[in-house]
Amino acid sequence: SPFVRPPALPVPRVRRAVRPGPSLAACGLLALPLPLLAFSRDVYTEPFSQLLLLGGLALLWQARPGKPGGWAVAGLVLGGSCLARIDAFRALPFVVAYAALVLATSGKRALRDVGALLAAAAVPAVLGWLDLRELAPGYYPDLHSHFTGLVSLLVPSLVASRVPVPV
């Protein structure tokens, strides 16, 4: 036959874990629910921000003590949600509060893990803020009061992280 079929490549394990049908259904369930379509202003940024936020929380849940690399990846993904939408800054005080709880319960041995989480989350969060301020000069003044309100939640979170919690 003139058509020679190329040899089959090995299928990665991830691809075998979820077939194309359920994968498409999961993406559809994330992107097409009626409340999201009816009430969201930007259908192209809100699902992406939700995906990064929930993915970052899942990675944070999977992070192992004593392995700061996993904590840093979780921080990058959580901070990356701030690049997609300004609303994602609402999650940062809770990330700081969680970091404080980890420090309070684990002590100094978790200091590297929590430091990696917070430092990695700060980089994309600051880039998201700079992007909004510099590249959306008409949009930023409208959201400035909301943004300062969200960031002001970080101050009590940081103060609370210094308060020792009896275990």
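Just so it is clear, the model here is predicted, and its values are computed rather than measured. (Residues numbered from 1 in each chain as written. Predicted model: local features only at pLDDT ≥ 70, side-chain atom pairs only at ≥ 80, totals over all residues. Heavy atoms only, no water.)

Now for the overall build of the chain. The helix and strand tally for the chain stands at nine helices and zero strands. For the chain, the succession of helices and strands along the chain, N to C, is α-α-α-α-α-α-α-α-α. Buried positions account for 30% of the 167 residues belonging to the chain. (Helix = DSSP H or I, 4+ residues; strand = E, 2+ residues; numbered from the N terminus. Buried < 20%, exposed > 50% of the residue type's maximum accessible area, 1.4 Å probe, protein only.)

This next bit is on the packing of helix H4 (residues 46-62) against helix H5 (residues 68-84). With their axes 8 Å apart at the nearest point, H4 and H5 run at an angle of 165 degrees to one another. Considering their axes alone, H4 and H5 lie roughly antiparallel with respect to each other. The handedness of the crossing between H4 and H5 is left-handed. Taken together, the residues of H5 that come into contact with H4 (itself represented by Phe-48, Ser-49, Leu-52, Leu-53, Gly-55, Gly-56, Leu-57, Leu-59 and Leu-60) are Trp-71, Val-73, Ala-74, Val-77, Leu-78, Gly-80, Ser-81 and Ala-84. Classifying every residue of the contact of H4 with H5 by side-chain character gives twelve nonpolar, five polar and no charged. (Axes fitted to C-alpha atoms, helices over the stretch in contact; angles between N-to-C directions. Parallel < 35°, antiparallel > 145°, perpendicular 65-115°, else oblique. Left-handed = near helix turned anticlockwise from the far one by under 90°. Contact = heavy atoms within 4.5 Å. Nonpolar A, V, L, I, M, F, W, Y, C, P; charged D, E, K, R; others polar.)

Counting residues in each nonpolar core, the largest one holds twelve residues, listed as Leu-60, Ala-63, Trp-71, Ala-74, Leu-78, Val-95, Ala-99, Val-102, Ala-110, Val-114, Ala-116 and Leu-117. With sequence-adjacent residues up to four places away left out, Ala-116 is seen in contact with Pro-68, Trp-71 and Ala-72. (Core = buried A, V, L, I, M, F, W, Y, C linked by side-chain atoms within 4.5 Å.)

Taken as a whole and assessed by the stated rule, the structure comprises one salt bridge. For Glu-134, the salt bridge is made with Arg-133, and the minimal N-O distance between the two is 2.9 Å. The class of Arg-133 is partly exposed, set by a relative accessible area of 34%. (Salt bridge = Lys/Arg side-chain N within 4 Å of Asp/Glu carboxyl O.)

Topologically, Leu-92 is positioned in helix H6 (residues 92-106). With relative accessibility at 11%, the residue Leu-92 sits in the buried group. Leu-92 sits 26 residues away from Leu-118 along the chain, and the two C-alpha atoms are 9.3 Å apart.

Right, let's talk about H6 for a bit. Taking 1.5 Å of rise per residue, 15 residues should cover 21 Å, and H6 covers 21 Å from first to last C-alpha, within 8% of that figure. A positive phi of about 75 degrees marks Gly-107, the residue just after H6. (Expected span 1.5 Å × (residues − 1).)

The next thing to look at is the confidence of the model for the chain. Should pLDDT be low for a region, the predicted coordinates there are not to be read in detail. Per-chain confidence: the chain averages 77 in pLDDT, with 72% of residues scoring 70 or above. Put simply, helix H1 (residues 13-17) is where the chain has its lowest mean pLDDT, 55, and H5 is where it has its highest, 91. (pLDDT = per-residue confidence, 0-100.)

On to the packing of H5 against helix H7 (residues 111-135), then. The geometry of H5 relative to H7 is characterised by a closest axis approach of 7 Å and an angle of 25 degrees between their N-to-C directions. Relative to H7, H5 is oriented roughly parallel. Relative to H7, H5 is oriented so that their crossing is right-handed. Facing H5, whose interface residues are Pro-68, Trp-71, Ala-72, Ala-74, Gly-75, Leu-76, Leu-78, Gly-79, Gly-80, Cys-82 and Leu-83, H7 presents Arg-112, Asp-113, Ala-116, Leu-117, Ala-120, Ala-121, Pro-124, Ala-125, Leu-127 and Gly-128. Its residues assigned to classes, the contact of H5 with H7 shows 15 nonpolar, four polar and two charged.

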